[in-house]
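Tertiary structure, described
What follows is each chain in one-letter form.
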Amino acid sequence: MIETVDLKKTYIARNKEVYALNGINLQVDKGDFVSIMGPSGSGKSTLLSILGCLDNACQGSYYLNGIDVKRLKDRKRAQLRNSVIGFVFQSFFLMPRLSAAENIELPMLYYGLTPKERHKRAQWLLECVSLSDRANHLPSELSGGQCQRIAIARALANDPELILADEPTGNLDQEASSVVLDMFSVLNEQGKTVVLITHDGTIAKKAKRSLVIRNGIINNA
Amino acid sequence: MLEHINMAFNNITNRPMRAFLTMLGIVIGIGAMVSVFSIGQGGTVEMNKKLQKFGVNRIWVYTGKYRKTESVLKLSDATLLENSISDAQYVTPSTYKNVYLEKGNQSLYTQLSCTDDSLIHIEDININWGRFLSENDVLYSKKVVVIDENLANKLFLGPTDAIGQNIYILGNSYKVIGVEHGAAVKQSAAEYKAYIPVTTYASSWGSSTIDEITLTTSDAKKLDEVSDEAIAVLGQKYGTTQMFDTYNLAKELSIADGILGLFSNIILSVAIVALVAGGIGIMNIMLVTVSERRQEIGIMKALGASSGQIMLQFLLEAGIIGIFGGIGGILSGVIFAYVFYFFSGVMPVFSTSVLILSALFAIFIGVFFGMYPAYKACKLEPAEALKSI
């Protein structure tokens with residue numbers, strides 16, 4: 001599913017090159033559940049951006065389903081993000097002026113589904129995350145846990161193979177966290193490949209496989 | 001598409017005050033444009049109506065300064081001009097006298113036009129009773145008179161009664177042959193109006209000169225050409241062209257047109273400046289919006305929105321501001337034109353093409369000035385955009 005070869009990413013800070021990623025070799029098979037753990041500044045978010053086709057690496061290669069992402073045009077990368085990858089972010093990143101259902105429908109809108117198809121699937125996804133009764137609520141009217149469940153439903157909108165989660169429980173209390181984490185486990189059982197980034201060891205243990213990133217390099221935990 | 005429009009509306013109405021202020025520039029610009037066009041068109045229509053009555057393709061030939069210099073023009077000059085200028089349609093000699101028309105013990109101060117039968121073809125004269133001067137009347141210097149309706153009512157029992165009766169002008173008896181319908185005399189000390197043959201004037205007054213000769217052309221474009229020809233013909237006869245002058249409404253028309261056009265152009269350029277300023281306002285606000293909504297753009301990109309879809313989103317917002325600014329502008333322009341009508345009496349003329357063009361122009365301004373911010377939005381790197389600032 002995912003294969004990276006010697007990924008490097010540098011930033012310029014105070015006229016000095018800083019390595020955020022310094023040679024990442026990562027392989028994630030289809031159906032795997034990988035957690036990537038690391039302290040802040042270790043490069044884990046940078047890695048997720050690259051894996052999610054939100055950013056390009058400076059050096060090295062990234063193959064998603066065997067496709068060299070670096071060579072893709074903008075439009076193709078947008079299509080990958082739309083239908084192959086589902087994102088779950090720490091601060092949910094829901095559209096503030098769209099209702100829960102509309103937020104879930106957004107990726108389907110970009111995919112080109114008809115309003116009828118979108119509506120039907122959004123209702124079904126809301127049921128899956130047990131929030132059917134909140135369909136018309138704005139994100140500001142929902143709790144953090146509910147927001148994250150809406151975000152997960154949105155990530156599943158176009159039935160992606162890969163779920164990328166960046167500290168998905170970072171803003172949630174313990175109860176909401178365990179609900180959300182259980183969802184990832186269920187999704188993985190249903191065959192989705194999950195890559196979860198966290199700095200919390202107990203959360204990392206939910207995954208089948210845990211990796212640790214430190215100073216831009218990955219080690220096995 | 002509908003969802004995109006919906007979202008664009010959502011984003012605009014989210015900040016109504018900002019949207020309103022952004023639209024204001026477009027409203028003012030389009031409003032100025034619409035009112036200038038419609039008032040200008042109304043003014044042109046009004047002016048043409050007034051000039052048409054006066055005779056647009058008419059040339060007046062006279063001596064020196066009009067009615068200030070002793071005239072040297074003779075009746076024979078009219079015949080000369082008629083024979084020498086092929087483009088002349090009607091050649092009419094005229095002299096104007098203010099005299100008393102008398103009947104019994106009544107006498108009324110009247111502007112007397114001493115002219116010939118061709119005048120009826122040139123001026124807006126409606127003879128509802130009897131007839132106008134004829135060729136024979138002029139040829140034989142008949143003592144006949146055409147009076148206006150007011151005179152007929154004052155001196156007789158009415159127009160029908162007046163026909164065939166006699167009145168006195170400077171002691172000479174004239175037979176009333178026609179009554180003009182509702183003529184009012186303007187720019188004259190006299191209240192009433194009457195016509196006698198110019199030849200009768202010549203013999204009765206013992207005058208050999210006439211005030212003016214008017215020529216009409218079938219083609220209004222030939223006014224200047226015919227004017228020059230008339231001066232040349234008279235110059236040849238009298239040995240100098242300096243004595244004569246001509247006047248036609250083409251000059252008036254073009255001067256009035258020019259003033260009207262100048263006025264329109266000045267306001268139009270102000271309107272365009274307002275529109276450009278309004279457009280820059282849109283651009284400014286859209287740029288602010290793009291940087292405010294960086295994260296939203298990042299989310300849209302993460303969810304798989306293509307650059308085109310993001311561009312469309314922002315162009316729609318700018319376009320909608322343009323549309324509503326345009327509608328507001330057209331409404332305020334129409335209202336202003338009517339307010340102007342209330343004060344000036346110039347009825348505005350609204351042409352659909354101007355209204356449609358202004359609306360399209362408003363949309364164009366919105367989209368054009370929204371282009372750069374929209375481009376900036378769609379070129380944002382998703383990973384960068386997602387980082388909160």
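Residues numbered from 1 in each chain as written. Chains lettered and ligands numbered in written order. Predicted model: local features only at pLDDT ≥ 70, side-chain atom pairs only at ≥ 80, totals over all residues. Heavy atoms only, no water.

A count of helices and strands for chain A gives seven helices and 10 strands. Here chain A has a C-alpha radius of gyration of 17 Å; the compact-globule value for 221 residues is 17 Å, and the two agree. Counting only C-alpha atoms, chain A reaches 50 × 40 × 35 Å along its principal axes. Every one of the 221 residues in chain A was classed for burial, and the buried ones make up 55%. Long-range pairs, those at least 24 residues apart, make up 70% of the contacts in chain A with a sequence separation of at least 6. (Helix = DSSP H or I, 4+ residues; strand = E, 2+ residues; numbered from the N terminus. Rg over C-alpha atoms; globule rule 2.2 N^0.38 Å. Buried < 20%, exposed > 50% of the residue type's maximum accessible area, 1.4 Å probe, protein only. Contact = heavy atoms within 4.5 Å.)

Time to look at the domain arrangement of chain B. Domain parsing of chain B yields domain 1 (2–50 + 254–386) and domain 2 (58–218). Averaged C-alpha coordinates put domain 1 of chain B and domain 2 of chain B at centres separated by 59 Å. (Domains from an automatic or database assignment.)

Either a parallel or an antiparallel arrangement is found when strands of a sheet pair, and the pairing is made through backbone hydrogen bonds. All names here are of chain A. Taking strand neighbours across the sheet as the criterion, the four strands line up as S2-S1-S4-S5 in an open arrangement whose pairing is antiparallel. Sheet topology places strand S2 (16–28) and strand S5 (67–68) at the edges, where each strand pairs with a single neighbour. Here five bridges tie strand S1 (residues 2–13) to strand S4 (residues 59–64), and the two strands are oriented antiparallel to one another. The partner of Thr-4 across the bridge, within S4, is Tyr-62. (Pairing = 2+ DSSP bridges.)

With that out of the way, let us pick up the pairing of strand S5 (residues 144–148) of chain B. Residues and elements named next belong to chain B. Along S5, five of the five residues are buried, which leaves the element largely enclosed by surrounding structure. Alternating positions in S5 separate into two faces, Val-144, Val-146 and Asp-148 on one and Val-145 and Ile-147 on the other, with burial throughout. Inspection of the sheet shows S5 paired to strand S8 (residues 192–197) by two bridges, in the antiparallel sense. Within S8, the residue paired with Val-146 across the bridge is Tyr-195.

Within the largest apolar cluster, 77 residues are counted, with the highest numbers of intra-cluster contacts made by Ile2(A), Leu26(A), Ile36(A), Leu47(A), Tyr62(A) and Leu64(A). At eight residues, the largest contribution of residues to this core is made by helix H12 (residues 307–344) of chain B. In this structure Leu64(A) touches Met1(A), Ile2(A), Cys53(A), Val69(A), Leu80(A), Val84(A), Ile85(A) and Leu162(A), once residues within four positions along its chain are discounted. Counting 40 residues, the second largest nonpolar core, distinct from the first, contains Leu151(B), Ile169(B), Ile196(B) and Ile213(B). (Core = buried A, V, L, I, M, F, W, Y, C linked by side-chain atoms within 4.5 Å.)

Bringing the packing of helix H10 (residues 249–292) of chain B against helix H13 (residues 352–378) of chain B into the picture now. Residues and elements named next belong to chain B. For the pair H10 and H13, interaxial distance at closest approach is 8 Å and the crossing angle is 30 degrees. As judged from the angle between their axes, H10 and H13 are roughly parallel. The two elements H10 and H13 meet at a crossing, and its hand is right-handed. Between H10, through Leu-275, Val-276, Gly-279, Ile-280, Ile-282, Met-283, Met-286, Leu-287 and Val-290, and H13, the contact on the second element is made entirely by Phe-361, Ile-365, Gly-366, Phe-369, Tyr-372, Pro-373, Lys-376 and Ala-377. Tallied by class, residues from the contact of H10 with H13 come to 14 nonpolar, two polar and one charged. (Axes fitted to C-alpha atoms, helices over the stretch in contact; angles between N-to-C directions. Parallel < 35°, antiparallel > 145°, perpendicular 65-115°, else oblique. Left-handed = near helix turned anticlockwise from the far one by under 90°. Nonpolar A, V, L, I, M, F, W, Y, C, P; charged D, E, K, R; others polar.)

Another point: the interface of chain B and chain A. Across the contact, 25 residues belong to chain B and 24 residues belong to chain A. For the pair chain B and chain A, the two sides together bury roughly 2200 Å², of which 60% comes from carbon and sulfur. In this assembly, chain B and chain A are joined by two salt bridges. For Arg97(A), the salt bridge identified is with Glu296(B), shortest N-O distance 3.2 Å. When residues of the side of chain B that touches chain A are assigned to their parent elements, the largest contribution, six residues, is made by helix H11 (residues 294–302) of chain B. Of the residues that constitute the side of chain B that touches chain A, the class distribution is nine nonpolar, nine polar and seven charged. (Buried area = accessible area lost by both parts, 1.4 Å probe. Salt bridge = Lys/Arg side-chain N within 4 Å of Asp/Glu carboxyl O.)

Residue and element names in this part refer to chain A. Across the sheet, six strands lie side by side as S6-S7-S8-S3-S9-S10; this open sheet has mixed pairing. Only two strands of the sheet have a single partner each, and these edge strands are strand S6 (85–88) and strand S10 (217–220). Averaged over all pairs of adjacent strands, the angle between strand axes in this sheet comes to 20 degrees, irrespective of strand direction. The pairing of strand S3 (residues 33–37) with strand S9 (residues 209–214) spans four bridges and is classified as parallel. Across the sheet, Val-34 pairs through a bridge with Arg-209, a residue of S9.

Moving on to the pattern of salt bridges. With the rule as written, the count across this model stands at 20 salt bridges over all chains. Among the salt bridges present, the one from Asp32(A) reaches Arg209(A), with a minimum N-O distance of 3.1 Å. Placement of the pair is Asp32(A) in the loop between S2 and S3 and Arg209(A) in strand S9, with a sequence separation of 177 residues. Note on Arg209(A): relative accessible area 29%, which makes it partly exposed. Between Lys222(B) and Asp87(B) there is a salt bridge, with the nearest N and O atoms lying 3.5 Å from each other. In this pair, Lys222(B) sits in the loop between strand S9 (212–217) and helix H9 (223–238) while Asp87(B) sits in the loop between helix H3 (75–84) and strand S2 (88–103), placing the two residues 135 residues apart along the sequence. A residue is classified by how much of its surface remains accessible, and Lys222(B), at 28% relative accessible area, is partly exposed. Each of Arg97(A), Arg293(B), Glu296(B) and Glu317(B) takes part in one network of salt bridges that share partners.

Our focus in this paragraph is the packing of helix H3 (residues 100–111) of chain A against helix H5 (residues 144–155) of chain A. Angle between the axes and distance between the axes: these two values describe a pair of packed helices. Residue and element names in this part refer to chain A. Put simply, H3 and H5 touch, their axes get as near as 8 Å, and they point 30 degrees apart. Relative to H5, the element H3 lies roughly parallel. Where H3 crosses over H5, the handedness of that crossing is right-handed. In contact with Ala-100, Asn-103, Ile-104 and Pro-107 of H3, H5 contributes Ile-150, Ala-153 and Arg-154. Of the residues that constitute the contact of H3 with H5, the class distribution is five nonpolar, one polar and one charged.

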